[in-house]
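Letter by letter, the chains look like this.
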Amino acid sequence: MIKRRNLLCSSVALFFVLTACQADGSTAKEQDTQNVKHSYGEQLQVKENRDILYQFITRKLSGSYGIYTNLQETDQTGEGASGHEVLSESAGLMMRYYALTGQKEQFDEQWLRVKQNLDMTTGFSYRYSPKLQKKFTLNASVDDLRIIRALAEASDAFHTDAYIPELKSYSNRLYQYNIADNHLYDFYDETYKMRNTFITLCYIDTTSLKLLSISEKKKDSLVTAMLQIAQGGYLSDEFPFYQTRYDYKAQLYQSDNINTVESLLTILNLAEVRQHQNASIRYIKEQVKAGTLFGQYTMEGKPLNDVRSTAIYAIAAIIGYVIGDQELYEDSIRKMNEFQILDKQSPLHGGFGDIKARQAYSFDNLMALLAFIN
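Computed from a predicted structure; not experimentally measured.

Quick look at the confidence of the model for the chain now. With 88% of its residues at a pLDDT of 70 or more, the chain has an overall mean of 90. In this model, residues 1-44 is a region of pLDDT below 50 whose contacts with residues beyond four sequence positions or in other chains number 151 contacts.

Right, dumping it as structure tokens:
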């Protein structure tokens, strides 16, 4: 059995960076598939589903620069990443997949592309446009942390210290540019030489922060401070999700509405260190079982849409795995698999997306791929 590590949320930077976890666009209609029976020791249909998804990602949703943001190409000139642009988010998720499944050659190839296309002086560019040959000069700390974590996982999986010098180098860089006054910040802009003023709660992955090559005293202090901020964003036992961000200057939590993917990732990060709320798990289980875990809510817990995305159920499944709740894991996988495209004649065969629009987003597909690992 492969050890499950925590997963992290997607790239965001102030107003001008669209997040994949908010804008993954998962409005895919339910596909008619058989219910999948699954337990931790069985890989039958789940393994088959994972295999065809992997083929879709590597053969259809990827190019020479990496994994496409979306299968449908664009002119790559928008404010948010689109089309066949590549994201550090996607690269890190794929690196984690290869590490967790013991595929060293594929891991090394992915890591080489990251260094070639996304590496900057101050961090990994969150976005690269092959058409414009443009590397965007700001990073996202969550993506950098994910890549650092993937290097640590690769070191364990492949029984080598070869990745450790790079892990230390990149973790020192993240500490220099994305951390100040014992606080983690969303991004550092290399052009303007500035950080933002807040932390998005789903960026707070304390397990990955513990990998930073700083003194134990600094590390403990940082992890404690960030864990307190994450925990402090809890809304209520009635609606046990989390605020979106914490502004350091205003010393206030801020949310427009509650995006389910972000809250689920915050819960996942907390579950990794056994600091989650039991009410959150009960709520997720109830909503998954009913098929009513929707994409966005008011602060009071009223659904603002009826979107049931692939990523939502994938993350719920991973939460179930992390806390050892087999019922939650199995129910979430079943719901997620309703979205997988099994029509062999479809160009989206094996993937998760919108058949009519021929759109498939990297975040949805990669989260599903990771959910299939057991």
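It is worth spelling out the sheet that holds strand S4 (residues 127-129) at this point. Pairing is antiparallel in the open sheet, where three strands are placed in the order S3-S4-S5. With one partner strand each, in any of the chains shown, strand S3 (86-87) and strand S5 (134-135) form the two edges of the open sheet.

Okay, the environment of Pro240 next. Among the structural elements, Pro240 can be located in the loop between helix H8 (216-232) and strand S11 (245-247). Given the relative accessible area of 1%, Pro240 is considered buried. It is 9.5 Å that separates the C-alpha atoms of Pro240 and Ile267, two residues lying 27 residues apart in sequence. Apart from the residues lying within four places of it in its own chain, the contact partners of Pro240 are Tyr234, Ile267, Ala279, Ser280 and Tyr283.

The next thing to look at is the packing of helix H3 (residues 88-100) against helix H13 (residues 362-371). At a minimum axis separation of 10 Å, H3 and H13 run at an interaxial angle of 15°. For the element pair H3 / H13, the angle class is roughly parallel. Handedness of the crossing formed by H3 with H13: left-handed. Residues Glu89, Ser90, Leu93, Met94, Tyr97 and Leu100 of H3 touch H13, and the partners they reach there are Ser362, Phe363, Leu366, Met367, Leu369 and Leu370.

Rules behind the numbers
- Starting from 1, residues in each chain are numbered consecutively following that chain's sequence as written.
- Since the coordinates come from a predicted model, pLDDT governs what is reported: local features require at least 70, and pairs of side-chain atoms require 80 or more to be given and counted, while whole-chain, interface and lining totals use all residues.
- Side-chain calculation: all heavy atoms of the structure are included, whereas hydrogens and water are not.
- pLDDT expresses how confident the predictor is about each individual residue, on a scale running from 0 to 100.
- Note on definitions: a residue-residue contact is assigned when non-hydrogen atoms from the two residues lie within 4.5 Å.
- One requirement defines pairing of two strands: DSSP has to find at least two bridges between them.
- A run of H or I in DSSP becomes a helix once it reaches four residues, and a run of E becomes a strand once it reaches two; helices and strands are each numbered from the N terminus.
- Burial status follows relative accessibility: with a 1.4 Å probe on protein chains alone, a residue under 20% of its type maximum counts as buried, one over 50% as exposed, and anything between as partly exposed.
- Simply put, an axis is a line fit to the C-alpha atoms, just over the touching stretch for a helix, and the angle between two N-to-C directions goes from 0 to 180 degrees.
- When an angle is under 35 degrees it counts as roughly parallel; over 145 it counts as roughly antiparallel; between 65 and 115 it counts as roughly perpendicular; any other value is oblique.
- Handedness of a crossing follows from how the near helix is turned relative to the far one, being left-handed for an anticlockwise turn of less than a right angle and right-handed for a clockwise one.

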